[in-house]
Every structure is written in C-alpha cells, then in structure tokens.
Amino acid sequence: MAVFTPLNADQVSSFLERYDVGTLDGLAEVAGGTENSTFFVTTDQQRMVLTLFEQGGTDELPFFVDMLDFLAHHDLPVPGPIADRSGQALQTLADRPALLFPRLPGRSPEAPTPAQCTEIGRFMGRMHQISHTFDGKRSNQRDHRWVERQIPRVLPFLSTDEQALMTRYGHALCDRFSNAPALPQGAIHGDLFRDNSLFEGDRLGGVIDFYNGCVGDFIYDLAVLVNDWCHTEDGTLDEVRYNAMINAYVQERPVTDAERDYWHDMMKLTALRYWLSRLLVIHVDQPAFQLTPKPPRQYLDILNAHYATRLPDLP
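Residues numbered from 1 in each chain as written. Predicted model: local features only at pLDDT ≥ 70, side-chain atom pairs only at ≥ 80, totals over all residues. Heavy atoms only, no water.

Chemist: Where do I start with the overall build of the chain in this structure?
Modeler: Broken down by element type, the chain carries 9 helices and 9 strands. Scaling as 2.2 N^0.38, a compact globule of 315 residues should have a C-alpha radius of gyration of about 20 Å, and the chain matches this with 20 Å. Principal-axis analysis of the C-alpha atoms places the extent of the chain at approximately 55 × 45 × 35 Å. When the 315 residues of the chain are sorted by exposure, 51% land in the buried category. Summarising the internal contacts of the chain: among those between residues at least 6 apart in sequence, 74% fall at separations of at least 24. Working note: accessible area of the chain is about 14300 Å², and carbon and sulfur atoms make up 47% of it. (Helix = DSSP H or I, 4+ residues; strand = E, 2+ residues; numbered from the N terminus. Rg over C-alpha atoms; globule rule 2.2 N^0.38 Å. Buried < 20%, exposed > 50% of the residue type's maximum accessible area, 1.4 Å probe, protein only. Contact = heavy atoms within 4.5 Å. Areas by Shrake-Rupley, 256 points an atom, 1.4 Å probe, with all protein chains shown as cover.)

Okay, here's the thing in structure tokens:
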C-alpha cells in the first residue's frame with residue numbers, strides 16, 4: 001500500500017494553479033511508499049512528484065525543505081522542492097502538508113553493481129563535504145541514545161538468545177558512543193537505502209526521501225549506506241562493493257582518525273538500530289496504515305556478521 005490519501009485530477013489541477021508548472025496531463029499513484037502518499041504528476045511542461053505527509057508533526061518539514069534547497073543549490077542530484085508563485089514550497093492539500101518536486105530519472109537498484117556503489121559513495125562523500133556548512137538544526141533521532149531507550153521495549157518479544165544478544169550488543173555499543181569524542185557532522189540523509197536512489201544503468205539519476213535527514217555524524221550516514229548496499233542475503237559483506245563505495249567516498253571527503261577508530265562500532269550500531277526499529281514496527285509501534293514490515297532478521301544477521309568477522313578499516 002503506497003497511497004493513504006487518494007487524490008483526483010480535479011484536486012491536483014486546482015493545486016497546480018498555485019505554480020508556474022503547466023496544466024495537468026496525468027496523475028498516477030506511486031507504489032512502494034511506507035509513510036507518505038506519493039503521486040507522479042505530469043503537466044504539459046514537466047514531470048513531477050507530489051508528496052502528502054501522513055504521519056508525525058509538521059514542525060520539522062521546513063528543515064527538510066531548507067536541507068533539500070541547500071543540496072540542490074550545490075548541484076547535487078536531489079529533488080529541490082518547487083516553490084509556488086509567492087516563493088512558498090510547503091503547501092496544504094487534502095488537509096495534509098504537501099510538497100511538489102521535480103521527478104528525477106532512473107529506478108532503484110535491487111542488486112547494486114560495483115559501479116553503482118562507486119556512484120553512491122561519491123555522492124555521499126560530496127554531500128558530506130558540502131554539508132558541513134549547512135546551518136539547519138535537527139539532531140539525529142536514531143542515535144545511540146534512542147537505541148538505549150528502545151531496547152527494553154522489544155525485549156519481551158525476543159527469544160532468550162535474542163534477548164541476550166540485544167542486551168549485550170546494545171549496552172556495549174551505547175557505552176562506547178556515550179563516551180565518544182565529537183565526530184565530524186553536517187547534513188546527512190540518515191536512511192540512504194538502495195530504494196532511496198535512482199539509477200539509469202550505472203549512472204546516478206538522483207537521491208530521494210530525505211525525511212530521516214538531520215545534522216549528524218557523517219560516519220553514521222556512511223554506515224547505514226554500507227550495511228544496506230554491501231551485504232549479501234546472509235549478512236556477509238561483499239568486499240568488492242564495499243571497496244568501490246568506500247574508495248569513492250574518501251576521494252570526496254577524507255575521514256579523520258577518530259572516525260577510523262569508531263568505524264567498526266558505528267557499523268554495528270547502525271545494524272542494531274535497524275534490527276531494533278523493525279522489531280518496534282512489528283511488536284510495539286505499529287504504523288497507522290497496513291504495511292508489509294521489513295524483516296528484522298536481516299539486520300540481526302548483519303550485526304552478527306560484524307561481530308564474527310572484522311570489517312575492513314577505513315582508508
């Protein structure tokens with residue numbers, strides 16, 4: 001299920017009158033959404049994406065608008081929001097906050113190639129190199145402090161062995177990052193899974209869905225990326241993809257000694273974060289809409305693999 005608030009052509013035609021984007025030619029619901037309602041909108045001038053925000057407060061939406069504007073201004077392949085004739089990007093449609101974006105080319109890769117890993121690694125390195133000057137304010141909502149708070153909520157739903165793993169891994173990692181020095185920070189995507197990227201062959205067409213974006217540790221963002229893009233079904237690291245991604249990243253933004261020191265544990269922490277968040281969706285914080293949850297076991301396997309085999313160091 002991808003659209004939670006249906007729209008008709010008359011509603012969207014009226015909405016588009018606020019903009020200089022042409023008249024409506026086509027409207028299609030987008031499959032695959034998990035939190036918001038998304039539509040492809042075609043006019044006689046261009047192709048766009050319309051998003052209605054279904055969950056959470058609206059007070060943080062200006063942050064995302066500013067972040068996307070900032071990145072788009074620096075020529076990164078992200079969809080900068082389209083403003084209406086008065087210069088306002090954030091709108092209301094069907095009693096929901098709404099944003100209109102240009103539609104970027106490509107489709108999401110299911111099995112990333114090394115060349116695609118190079119492209120996305122280069123994108124993230126460039127984004128981080130630029131975004132340390134971004135002055136927006138939104139802290140990482142899924143860092144080690146969140147992990148520590150959420151662990152007790154899922155323990156009753158785990159087997160005895162899983163409870164022991166969650167407790168042991170979680171407390172050790174949270175203690176480690178509670179005493180960490182300040183790591184390099186800036187605007188990060190926060191959730192750059194492969195389904196948030198668009199490729200035409202091996203060429204990156206764009207990166208979408210910045211709604212976990214924040215000002216956070218750069219290696220947190222990189223670890224989320226690696227965990228999704230560079231692991232096989234059983235949690236094993238694909239070193240060809242990993243090396244392609246990391247080498248491209250550090251060419252754009254060299255890492256610091258502190259980041260190298262905390263890299264292995266950040267990979268573990270972000271794997272634990274997704275194991276935990278997927279368990280919460282199934283057992284504790286069921287979403288308002290009927291969705292097919294992603295399997296928590298995938299990230300438990302990745303987490304166990306990180307502890308069983310030492311990861312390569314950052315260059």
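Chemist: How should I be thinking about the pairing of strand S2 (residues 37-43) in this particular structure?
Modeler: Successive residues of a regular strand alternate their side chains across the two faces of the sheet. In terms of burial, S2 is largely enclosed, as 5 of its 7 residues are buried. Across 6 bridges, the pairing between S2 and strand S3 (residues 47-52) is antiparallel. Counted as the bridge partner of Phe39 is Leu50 from S3. Between S2 and S3, which pair antiparallel in sequence order, lie 3 residues. (Pairing = 2+ DSSP bridges.)

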